[in-house]
Amino acid sequence: MPIDLMQFIALLKNGNPQQTMINMLSQMSNGNPVLSNLLQLAKAGDTKGIEQVARNIVKEKGMDFDKEF
């Protein structure tokens, strides 16, 4: 269910922006295992785990994470 820009801004102003984004992404994940994994890492505050997923995705695309970042 998409929300319009004004609803999005209201959500960010009236609550926790991090939790708002996690909730929105959870609704959009629709069984995507990578996104589901990232959301679990974000909920747990595992920034190193998120970085490792990003490094793996970039590596699969034949790029160097450190150069791209």
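Residues numbered from 1 in each chain as written. Predicted model: local features only at pLDDT ≥ 70, side-chain atom pairs only at ≥ 80, totals over all residues. Heavy atoms only, no water.

A.B. asks: Tell me about the confidence of the model for the protein, residues and numbers included.
C.D. replies: Averaged over every residue, the pLDDT of the protein is 83; residues scoring 70 or more account for 96%. Across the protein, helix α4 (residues 47–60) holds the top mean pLDDT of 93, while helix α1 (residues 5–14) sits lowest at 74. (pLDDT = per-residue confidence, 0-100. Helix = DSSP H or I, 4+ residues; strand = E, 2+ residues; numbered from the N terminus.)

A.B. asks: Which residues make up the packing of aromatic side chains, and what values go with them?
C.D. replies: Tallying each qualifying case throughout the model produces one aromatic pair. A ring pair is formed by Phe 65 and Phe 69, whose centres lie 5.6 Å apart and whose planes are at 10 degrees; its orientation type is stacked. You can call Phe 69 exposed: its relative accessible area is 81%. (Phe/Tyr/Trp six-rings, centres within 6.5 Å; stacked < 30°, edge-to-face > 60°. Buried < 20%, exposed > 50% of the residue type's maximum accessible area, 1.4 Å probe, protein only.)

A.B. asks: Describe the environment of Leu 12, and please don't skip the residues or the numbers.
C.D. replies: You can see Leu 12 is positioned in helix α1. Judged by its relative accessible area of 28%, Leu 12 falls in the partly exposed class. The contacts of Leu 12, once residues within four sequence positions are left out, are Pro 17 and Thr 20. (Contact = heavy atoms within 4.5 Å.)

A.B. asks: Explain helix α3 (residues 33–44) to me, using residue names and the numbers behind them.
C.D. replies: Relative to the 16 Å expected for twelve residues at 1.5 Å per residue, α3 spans 17 Å between its end C-alpha atoms, a close match to the ideal helical length. Looking at where α3 begins, the residue whose side-chain oxygen comes 3.0 Å from the main-chain nitrogen of Val 34 is Asn 32. A positive backbone phi angle near 75 degrees is found at Gly 45, which sits one or two residues after α3. (Expected span 1.5 Å × (residues − 1). Polar contact = N/O pair within 3.5 Å; in protein donor to acceptor, adjacent residues only side chain to side chain.)

A.B. asks: Break down the pattern of salt bridges for me, citing the residues and quoting the values.
C.D. replies: With the rule as written, the count across this model stands at two salt bridges. For Arg 55, the salt bridge is made with Glu 51, and the minimal N-O distance between the two is 2.9 Å. With Arg 55 and Glu 51 both in helix α4 and four residues apart, the pair spans about one turn of that helix. The partly exposed category is assigned to Glu 51, whose relative accessible area is 35%. The partner of Arg 55 in a salt bridge is Asp 66, and the shortest N-O contact between them spans 3.1 Å. With a gap of eleven residues between them, Arg 55 in helix α4 and Asp 66 in helix α5 (residues 65–68) connect regions that are remote in the sequence. (Salt bridge = Lys/Arg side-chain N within 4 Å of Asp/Glu carboxyl O.)

A.B. asks: Quick one: what's the story with the packing of α1 against helix α2 (residues 17–29), residue by residue and with numbers?
C.D. replies: For the pair α1 and α2, the least separation of the axes is 7 Å and the interaxial angle reads 135 degrees. Comparing the axis directions of α1 and α2 gives the class oblique. Crossing geometry of α1 relative to α2 is assigned as right-handed. Of α2, the residues touching α1 (which contributes Phe 8, Leu 11 and Leu 12) are Pro 17, Thr 20, Met 21 and Met 24. Of the residues contributing to the contact of α1 with α2, the split by class is six nonpolar, one polar and no charged. (Axes fitted to C-alpha atoms, helices over the stretch in contact; angles between N-to-C directions. Parallel < 35°, antiparallel > 145°, perpendicular 65-115°, else oblique. Left-handed = near helix turned anticlockwise from the far one by under 90°. Nonpolar A, V, L, I, M, F, W, Y, C, P; charged D, E, K, R; others polar.)

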